[in-house]
There are 2 protein chains.
Amino acid sequence: MNLPEGKDKFLQSWGALGSSWGVNRTMAQIHALLMIAPQALSAEDIMEELKISRGNANMNLRALIDWGLVFKELKAGERKEFFVAEKDMWKVVKNIIIQRKKKELEPMLKVLDELSSVEGNDPETEEFVRMIKEIKLFSSKADSTLDTLVKADSNWFVGTFMKMIK
Amino acid sequence: MNLPEGKDKFLQSWGALGSSWGVNRTMAQIHALLMIAPQALSAEDIMEELKISRGNANMNLRALIDWGLVFKELKAGERKEFFVAEKDMWKVVKNIIIQRKKKELEPMLKVLDELSSVEGNDPETEEFVRMIKEIKLFSSKADSTLDTLVKADSNWFVGTFMKMIK
DNA sequence: ATGTACTTTCAAGAAATTTTGAAACTATTG
DNA sequence: CAATAGTTTCAAAATTTCTTGAAAGTACAT
């Protein structure tokens, strides 16, 4: 397989993967493109490679920067901005965990807390509260496990953890 | 808070959570509804509680059954089918991991394998292959970690693992 | 074998999400 | 300060995804 084919296949697959993870196709593709780029790319370069509009490129780049997956790079003497991706896969995943934990898991824990105070002694209420508590317990555990995971470093993840759980 | 309010809030939140995980709102809500139900519900019950059409209920129930998150239950003497959810949170998460691993991670590993055979000695190709290999290495590790996690039992997860990583 | 109770399918419509592109904005240069 | 180079915004258009509902299908009961 040659480079243009391979690149295209990678951009397609990464984009599709994004879709099933609630990340829009273009955002995933911009990220993919920057990950395999040997140097920083300009908005222009990205628009051209992915055949997307300026607005689209700009919005998704901004979102990627928010997630800590892409950084702006200013080149001396150049007026325009360039972009580079975080290329350390462990950091990429860590940032995603941090963001999603904050935006999804934590608010859910808050809701579950409120819900466990529902009152009543009919079977429906009892089952409701029982289940909410089970979900809450599980979620809190997931939450602290993720905290630990995020604090841990890559070596630990790929080394110790793997051996330990074998 | 009373039960109808609490229930509604739970259905809404769980539905919203689903959306950010590539699961459609209705599927997540049916799942939520069944998780908190003290007994099995019929398609009819579900349509009514969630105000959705028969077709929608049917399709999403089928998908939930595929994922192993919901089961059909036949009541003696009743012609219609009833549905119950898997209520053990650990099993719920395990099934989701199994399915997504199969549908997303494994195909991606295959693609990455093909891509690492791209040939060329310009910097672009070199960076491409380097990055693909890094992603592949990381993904394989994630893959086997998930395998182990899935084999492990709930007690292990909530007990040993938590203490160990503290 | 006909009627009845229920489930499944799927094309068309509705809704949600994504993308575009042009105008507004900002910063730099001469 | 006017021109230039670039970035940002956002309403409208395009696309994708989800939902509906009615027709077809299935299977049980009489």
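Residues numbered from 1 in each chain as written. Chains lettered and ligands numbered in written order. Predicted model: local features only at pLDDT ≥ 70, side-chain atom pairs only at ≥ 80, totals over all residues.

*Asks:* Is there a simple way to think about the relation of the copies chain A and chain B in this case?
*Replies:* Here the second copy of the chain follows from the first by a rotation about an axis and a shift along it. The two copies are related by a screw motion: chain A maps onto chain B through a turn of 180 degrees and a shift of 0.0 Å along the axis, at an RMSD of 0.0 Å. Both chain copies can therefore be described as sitting about a two-fold axis. Most of the interface of chain A is mirrored in chain B: 100% of its interface residues are interface residues there too. (Least-squares fit on C-alpha atoms with pLDDT ≥ 70 in both. Contact = placed C-beta atoms within 7 Å.)

*Asks:* Is there a simple way to explain the interface of chain A and chain B in this structure?
*Replies:* One widely used convention gives an interface's size as the accessible area the parts lose upon coming together. Listed by partner, the interface residues are 43 residues for chain A and 44 residues for chain B. The dominant element in the side of chain A that touches chain B, judged by the number of residues it contributes, is helix H6 (residues 123-151) of chain A, at 13 residues. Tallied by class, the residues present in the side of chain A that touches chain B amount to 23 nonpolar, 10 polar and 10 charged. (Helix = DSSP H or I, 4+ residues; strand = E, 2+ residues; numbered from the N terminus. Nonpolar A, V, L, I, M, F, W, Y, C, P; charged D, E, K, R; others polar.)

*Asks:* What is the right way to look at the sheet that holds strand S2 (residues 70-74) of chain B in this model?
*Replies:* Strands pair in a sheet through their backbones, by hydrogen bonds, and they do so in one of two ways: parallel or antiparallel. Residues and elements named next belong to chain B. If you trace the three strands from one edge of the open sheet to the other, you get S1-S3-S2, paired in antiparallel fashion. Edge positions in the open sheet fall to strand S1 (41-42) and S2, since each of these has one partner strand only. Direction of pairing for S1 relative to strand S3 (residues 81-85): antiparallel, over a ladder of two bridges. Counted as the bridge partner of Leu 41 is Phe 83 from S3. The strands touched by helix H2 (residues 25-36) are S1, S2 and S3; relative to S3, the strand with the most contacts, the crossing angle is about 85 degrees. (Pairing = 2+ DSSP bridges. Axes fitted to C-alpha atoms, helices over the stretch in contact; angles between N-to-C directions.)

*Asks:* Would you mind showing me how to read the protein's contact with DNA strand D here?
*Replies:* Taken together, 17 residues are adjacent to DNA strand D, and Gly 55 of chain A together with Asn 24, Ser 53, Gly 55 and Asn 56 of chain B come closest. Among the elements of the structure, helix H4 (54-66) of chain A together with H2 and helix H4 (54-66) of chain B are those that each provide at least two residues to the surface near DNA strand D. Per-element accounting of the surface near DNA strand D gives the leading share, four residues, to H4 of chain A. A per-class count over the surface near DNA strand D returns three nonpolar, eight polar and six charged. (Near = placed C-beta within 6 Å.)

*Asks:* Help me understand helix H1 (residues 3-19) of chain A in this model?
*Replies:* Each turn of an α-helix holds 3.6 residues, which means side chains three or four residues apart point in the same direction. Taking 1.5 Å of rise per residue, 17 residues should cover 24 Å, and H1 of chain A covers 24 Å from first to last C-alpha, within 8% of that figure. Of all the positions in H1 of chain A, only Gly 6, Lys 7, Phe 10, Leu 11, Ser 13, Trp 14, Gly 15 and Gly 18 of chain A are classed as buried. Buried-residue contacts for H1 of chain A involve helix H2 (25-36) of chain A together with helix H5 (89-115) and helix H6 (123-151) of chain B. (Expected span 1.5 Å × (residues − 1). Buried ≥ 20, exposed ≤ 12 C-beta atoms within 10 Å, placed from the backbone.)

*Asks:* What am I meant to see in the packing of helix H3 (residues 43-50) of chain A against H4 of chain A here?
*Replies:* When two helices pack together, their arrangement is given by the angle between their axes and by how far apart the axes lie. Residues and elements named next belong to chain A. At a minimum axis separation of 9 Å, H3 and H4 run at an interaxial angle of 115 degrees. Considered as vectors, H3 and H4 are oriented roughly perpendicular to each other. Judged by the twist between their axes, the crossing of H3 over H4 is right-handed. Every residue of H4 that contacts H3 at Ala 43, Ile 46 and Met 47 is listed here: Arg 54, Ala 57, Asn 58 and Leu 61. A breakdown of the residues in the contact of H3 with H4 according to their chemical character gives five nonpolar, one polar and one charged. (Parallel < 35°, antiparallel > 145°, perpendicular 65-115°, else oblique. Left-handed = near helix turned anticlockwise from the far one by under 90°.)

*Asks:* What is the right way to read the nonpolar core from this model?
*Replies:* A general trend in soluble globular proteins is that nonpolar side chains are found buried together. Among the nonpolar cores identified, the biggest contains 31 residues, and Ala 32, Leu 33, Leu 34 and Ile 36 of chain B are the most heavily contacted of them. When residues of this core are traced back to their parent elements, those giving at least two are helix H5 (89-115) and H6 of chain A together with helix H1 (3-19), H2, H4 and S3 of chain B. By residue number, the principal contributor to this core is H2 of chain B, which donates eight residues. Setting aside chain neighbours within four positions, we find Leu 33 of chain B in contact with Leu 11, Ile 46, Glu 49 and Leu 50 of chain B. Among the nonpolar cores identified, the runner-up in size contains 30 residues, and Leu 11, Ile 36 and Leu 61 of chain A together with Met 131 of chain B belong to it. (Core = buried A, V, L, I, M, F, W, Y, C linked by C-beta atoms within 7 Å.)

*Asks:* Just checking my understanding: could you explain the sheet that holds strand S1 (residues 41-42) of chain A for this structure?
*Replies:* All names here are of chain A. Taking strand neighbours across the sheet as the criterion, the three strands line up as S1-S3-S2 in an open arrangement whose pairing is antiparallel. The open sheet has two edge strands, S1 and strand S2 (70-74), and neither has a second partner. In this structure, S2 lies alongside strand S3 (residues 81-85), joined through five bridges in antiparallel fashion. Looking across to S3, one finds that Lys 72 is bridged to Phe 83. Of the strands in this sheet, S1, S2 and S3 are in contact with H2, which crosses S3 at around 85 degrees.

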